[in-house]
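A closer look at the structure
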Amino acid sequence: KRRRKDANNNSSSNVTEHDTTNDSTQNNNNTNNSGRGQLFTQIVRVLKHVQPKAFLLENVPGLLTTPAFSSSSSSSTTTTSSTPTTAWQEIEKALQNVGYHVYMEAISSRGLTSQARKRLYIVGLLQDKTRNKTSKPSFQFPFMPDLKLRAMDVLHTQNELIDASLSSFISMGIPESLLSILQQQQQQDTKQPASYFQISDAQLHQLLHKSKSWKPAKLAWNDKTCDTIDSHYGISIGKGHSQLVPSPAPYHPRKFTPRECARIMGFPNTYQLGDFDKTRFFVSNNTNDNNDEDNNRRDNTVDSRFNGFIKEQYYMLGNAVCPPVIAVLAGAILEHILSSSCNDNVDEKGQDKKENWVKKGLETGIQLSLDAISPVHLDAVCQRLHSSYCQ
């Protein structure tokens, strides 16, 4: 993730959203000495200065049980009843101190995506200074529908995986600029797209004989809900920490493609994934050397650049939020802040002219979910939903 080096002090945004996953503490280390942990203090600073009407934060549920930052750094300090004992209590207090009513709920993305990604969502509503601060307005977290999406709804078909055309590679998240380098390496036949994501013999051997947690049932079979995509996906494959996709014999299981990861997260198929930056992933274009040792070294360099690019895509997608869930939550937030600021909700004919933002957020979230489904399976999913909810 990239953060802007400067902020616009004249911002008039009413709603801000931020993923604070990197700010969470998963151990008892002193987070006050961590640069990553200090990001939350910058969020509080911006909220205090800009005062948007609402904000939306996301974090892992472990935040509720993580020890407070201050308690871990000063264990000798006497604890009182008002002293925060968990990171969540400390965060809640900091947000309240800059003028916000704070609400939180742990929500799973399982209903709107093909993964069971459970995250803690924190909503803040700006306090009305003309009212009593002790009276906290009610905020209702919205209903999350269940579209019953499974792995088969987001995975590439076998025909797509063996299609070596340019459009097939691009549809999987491999940009044309990177594909041209891979083709220069091969010089003759172009590999099938699936071959770039299949695990090696050594990785399969480690899974079968050394990993204590992995078993074939953990593969992303068609009828299964996918595991949560995180920023470490694709790392330590042999230890069984990353879910794999079954492949037809005699091929090894494979990793998700970047496009499949994006679909699992709920990003629509029209969302443009990262491009290959030749200045960051430099590969020599010298192909005139006939020395076998040098050619092998060059081939290994190309493979390492490809793997580095793919891992970067995994990292960014694993650190992202689920757009369908955010859309539904944003609708509920807009409903609250806009309805409370609009006193005249009746037109000249006496009809209600108030926008139903909860409904709009729900419709937008569902549409994003459908747009993230594999085009090959979209009709089947729509028919399944129609038979389940419209009959």
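Please refer to the structure higher up on the page.
An account of the accompanying structure is given in this report. Being a predicted model, the structure only gives us computed values, none of them experimental.

So, how was this worked out
Residues numbered from 1 in each chain as written. Predicted model: local features only at pLDDT ≥ 70, side-chain atom pairs only at ≥ 80, totals over all residues. Heavy atoms only, no water. Axes fitted to C-alpha atoms, helices over the stretch in contact; angles between N-to-C directions. Helix = DSSP H or I, 4+ residues; strand = E, 2+ residues; numbered from the N terminus. Parallel < 35°, antiparallel > 145°, perpendicular 65-115°, else oblique. Left-handed = near helix turned anticlockwise from the far one by under 90°. Contact = heavy atoms within 4.5 Å. Buried < 20%, exposed > 50% of the residue type's maximum accessible area, 1.4 Å probe, protein only. Pairing = 2+ DSSP bridges. Salt bridge = Lys/Arg side-chain N within 4 Å of Asp/Glu carboxyl O. Arc of directions from axis to C-beta. Phe/Tyr/Trp six-rings, centres within 6.5 Å; stacked < 30°, edge-to-face > 60°. Polar contact = N/O pair within 3.5 Å; in protein donor to acceptor, adjacent residues only side chain to side chain.

1. Points about the packing of helix α1 (residues 39–50) against helix α3 (residues 87–97)
One can describe the packing of α1 onto α3 by two numbers: an axis separation of 9 Å at closest approach and a directional angle of 20°. Comparing their axes, α3 and α1 come out roughly parallel. Crossing handedness for the pair α1 and α3: right-handed. Mapping the contact onto sequence places F40, V44 and L47 in α1 and I91, A94 and L95 in α3.

2. Remarks on the pairing of strand β2 (residues 54–59)
Extensive coverage of β2 is indicated by the burial of six of its six residues. Here β2 shows two buried faces, one formed by A54, L56 and E58 and the other by F55, L57 and N59. Here six bridges tie β2 to strand β4 (residues 118–126), and the two strands are oriented antiparallel to one another. Bridge pairing in β4 links L57 to I122.

3. A closer look at the pattern of salt bridges
Applying the stated criterion across every chain yields a total of three salt bridges. The salt bridge involving E260 is made with R254; its shortest N-O contact spans 2.8 Å. When its relative accessible area of 0% is taken as the criterion, E260 is described as buried. Residue R254 is classed as buried on the basis of its relative accessible area, which comes to 2%. Here E355 ties to K360 by a salt bridge, and the two come within 3.2 Å at their closest N and O atoms.

4. Points about the environment of R305
The residue R305 is located in helix α9 (residues 292–318) in this model. Residue classification places R305 among the partly exposed positions, given a relative accessible area of 32%. Linking R305 and I181, residues 124 residues apart in sequence, is a C-alpha distance of 9.9 Å.

5. What to know about α3
Given 3.6 residues per helical turn, the α-helix brings residues three or four places apart onto the same face. Among the residues making up α3, those that are buried are A87, W88, E90, I91 and L95. Along the axis of α3, the buried positions cluster into a sector of 165°, meaning they face one direction only. Immediately beyond the C-terminal end of α3, within one or two residues, lies G99, with a positive phi of roughly 100°.

6. Quick look at the environment of G234
In this structure, G234 sits in the loop between α7 (201–209) and α8 (258–265). Judged by its relative accessible area of 10%, G234 is buried. Sequence separation between G234 and Y315 is 81 residues; the distance between their C-alpha atoms is 9.1 Å. Leaving out residues up to four positions away in the same chain, G234 has contacts with S242, K255, K311 and Y314.

7. Quick word on the packing of aromatic side chains
Aromatic ring pairs are reported here in terms of the distance separating the ring centres and the angle at which the planes meet. This structure, assessed with the given rule, holds ten aromatic pairs. On the basis of an interplanar angle of 70° and a centroid distance of 5.9 Å, the ring pair of F169 and Y196 is categorised as edge-to-face. Residue F169 is found in helix α5 (residues 166–171), and its partner Y196 is found in the loop between α6 (176–186) and α7; the two are separated by 27 residues along the sequence. Both residues of the pair, F169 and Y196, count as buried.

8. Re the side chain of Q115
Considering the arrangement of structural elements, one finds Q115 in the loop between β3 (100–108) and β4. Within polar-contact distance, the side chain of Q115 engages the backbone oxygen of I264 at 3.5 Å. When neighbours within four sequence positions are excluded, Q115 is seen to be in contact with S109, R110, T225, C226, D227, T228, I229, I264, M265 and C322.

9. Thoughts on unusual backbone geometry
Here the amide bond leading from A249 into P250 is cis, since omega sits at 10°, within 30 degrees of zero. One non-glycine residue with positive phi stands out, namely Q51, at about 55°. By secondary structure assignment, the location of Q51 is in the loop between α1 and β2. A relative accessible area of 24% means that Q51 is categorised as partly exposed. Positive phi values are uncommon outside glycine, yet K148 reaches one of about 55°. Along the chain, K148 falls in the loop between β4 and α4 (158–162).

10. Brief notes about α8
Of all eight residues in α8, eight are buried; the element is thus mostly enclosed. Those residues of α8 lying buried are P258, R259, E260, C261, A262, R263, I264 and M265. Directly beyond the C-terminal end of α8, a positive phi value near 100° is found at G266.

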